[in-house]
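# Chain and residue survey
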Amino acid sequence: MAFPEDVLADEEEIVLHVRPHWKAVVLPVVVVLLALAGLIMGLVLLPSTDGGRIGLLLIAAIMLYYGGRYGLYPLLDWRCTEYVLTGERLLMQRGIVDRERRDLPLNRVNDHALTQSLLDRLLGSGTLTIDSIGDQRAVLAGVPAAQLVQSTLYELIELAPAPDEDEEETEAEPQRGSSSGRRSR
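Remember, predicted model here, so these are calculated numbers, not experimental data.

Across its full length, the chain carries five helices and seven strands. For the chain, the N- to C-terminal ordering of α and β elements is β-α-α-β-β-β-β-α-β-β-α-α. Expressed as a percentage of the 185 residues in the chain, the buried residues total 30%. Carbon and sulfur atoms make up 57% of the accessible area of the chain, which amounts to about 12,700 Å² in all.

Before going further, it helps to examine the confidence of the model for the chain. When pLDDT drops low, the exact placement of atoms in the prediction is not to be read closely. Confidence in the prediction of the chain, expressed as mean pLDDT, is 83, and 83% of residues score 70 or more. Across residues 175–185 the pLDDT falls below 50, and counting only partners more than four positions away or on other chains, this stretch makes zero contacts in the model.

Scanning all chains against the criterion turns up five salt bridges. In this structure, Lys 23 and Asp 120 form a salt bridge, with 2.1 Å as the shortest nitrogen-oxygen distance. Residue Lys 23 is found in the loop between β1 (14–18) and α1 (26–45), and its partner Asp 120 is found in helix α3 (residues 118–123); the two are separated by 97 residues along the sequence. Relative accessible area serves as the criterion here: at 28%, Lys 23 is assigned to the partly exposed category. A salt bridge links Asp 77 to Arg 94; the nearest nitrogen and oxygen atoms lie 2.7 Å apart. Of the two residues, Asp 77 is situated in helix α2 (residues 50–79) and Arg 94 in strand β3 (residues 89–94); the sequence distance between them amounts to 17 residues. The class for Asp 77 is buried, based on a relative accessible area of 19%. For Arg 94, a relative accessible area of 38% puts it in the partly exposed group.

Let us look at the environment of Asp 111. Its place among the elements puts Asp 111 in strand β5 (residues 109–115). Considering only alpha carbons, one finds Asp 111 and Tyr 154, 43 residues apart in sequence, at a separation of 9.5 Å. When residues no more than four places from it in sequence are discounted, the contact partners of Asp 111 are Thr 129, Ile 130 and Asp 131.

Let us now look at α2. Given a rise of 1.5 Å per residue, 30 residues ought to cover 44 Å, and the 41 Å separating the end C-alpha atoms of α2 matches this to within 8%. At Gly 68, α2 shows its strongest bend, of approximately 40°. If you check which residues of α2 are buried, you get Gly 52, Ala 60, Gly 67, Gly 71 and Asp 77. Summarising the contacts, the buried residues of α2 are in contact with α1 and β3.

Turning to the sheet that holds strand β2 (residues 82–86), a few remarks are in order. Reading across from one edge, β1-β2-β3-β4 is the order of the four strands in this open sheet, with antiparallel pairing throughout. Strands at the two margins of the open sheet, each flanked by one partner only, are β1 and β4 (100–105). Neighbour-to-neighbour, the strand axes of this sheet turn through a mean angle of 15°, independent of strand direction. Across six bridges, the pairing between β3 and β4 is antiparallel. Along β4, the bridge assignment pairs Leu 90 with Leu 104.

Turning to the side chain of Glu 82, a few remarks are in order. Examined against the element boundaries, Glu 82 turns out to sit in strand β2. Here Glu 82 sits buried without a salt bridge, and the closest side chain of opposite charge, Arg 99, lies 4.4 Å off (N-O distance). Among the polar contacts made by the side chain of Glu 82, one reaches the side chain of His 17 at a distance of 2.6 Å.

A cluster of nonpolar side chains, namely Trp 22, Val 26, Leu 27, Val 30, Leu 34, Leu 118, Leu 119, Leu 122 and Leu 123, defines an oily patch on the protein surface of about 940 Å² accessible area. Secondary structure elements with two or more residues in the nonpolar patch: α1 and α3. Looking at where Leu 34 falls in the secondary structure, it is placed in helix α1.

Conventions we followed
- Residues numbered from 1 in each chain as written.
- Predicted model: local features only at pLDDT ≥ 70, side-chain atom pairs only at ≥ 80, totals over all residues.
- Heavy atoms only, no water.
- Helix = DSSP H or I, 4+ residues; strand = E, 2+ residues; numbered from the N terminus.
- Buried < 20%, exposed > 50% of the residue type's maximum accessible area, 1.4 Å probe, protein only.
- Areas by Shrake-Rupley, 256 points an atom, 1.4 Å probe, with all protein chains shown as cover.
- pLDDT = per-residue confidence, 0-100.
- Contact = heavy atoms within 4.5 Å.
- Salt bridge = Lys/Arg side-chain N within 4 Å of Asp/Glu carboxyl O.
- Expected span 1.5 Å × (residues − 1).
- Bend = angle between axes of the 7 residues up to and from the residue.
- Pairing = 2+ DSSP bridges.
- Axes fitted to C-alpha atoms, helices over the stretch in contact; angles between N-to-C directions.
- Lys, Arg positive; Asp, Glu negative; His and termini not counted.
- Polar contact = N/O pair within 3.5 Å; in protein donor to acceptor, adjacent residues only side chain to side chain.
- Patch = residues over 30% accessible without salt bridge, like charges linked within 9 Å, V, L, I, M, F, W, Y side chains within 5 Å.

What follows is the structure in structure tokens.
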């Protein structure tokens with residue numbers, strides 16, 4: 001699924017588009033498989049009497065709940081989470097039914113840190129924490145190729161104009177040529 005182009009500005013191009021690392025789906029897949037195995041075991045082992053059917057319905061309800069809550073929902077959440085890095089900003093999007101999209105302009109980033117556990121280092125993933133002006137923080141958990149994402153982010157931050165330079169230029173220009181209309185005596 002491609003990132004929607006209507007979210008981007010006219011001249012904005014996608015530099016990097018990733019979703020969380022595949023390691024996030026391992027446990028949900030195991031839960032779904034265990035729920036299916038429990039359902040099949042109940043179907044095979046329970047007798048075909050009225051009590052067996054009631055037991056099978058109870059097992060089916062439990063397996064559907066746990067399979068959906070701890071299996072299918074995390075899988076869909078992983079599938080609907082995206083991290084997009086453009087030349088101007090970082091976009092984070094997630095949500096299955098309700099969509100949450102957050103933008104972080106690169107010219108407002110103060111600091112970014114990469115945290116990796118031993119398993120993360122083996123798999124090449126990590127958690128990227130990005131701090132920006134105004135005490136805003138973005139945490140990108142389970143980023144694949146985390147070192148590449150961090151170095152790309154660093155390069156784009158270096159290319160982005162500083163927010164102070166833009167504000168000083170817009171404030172300084174009107175003051176130079178304008179007069180307030182009153183004369184000092």
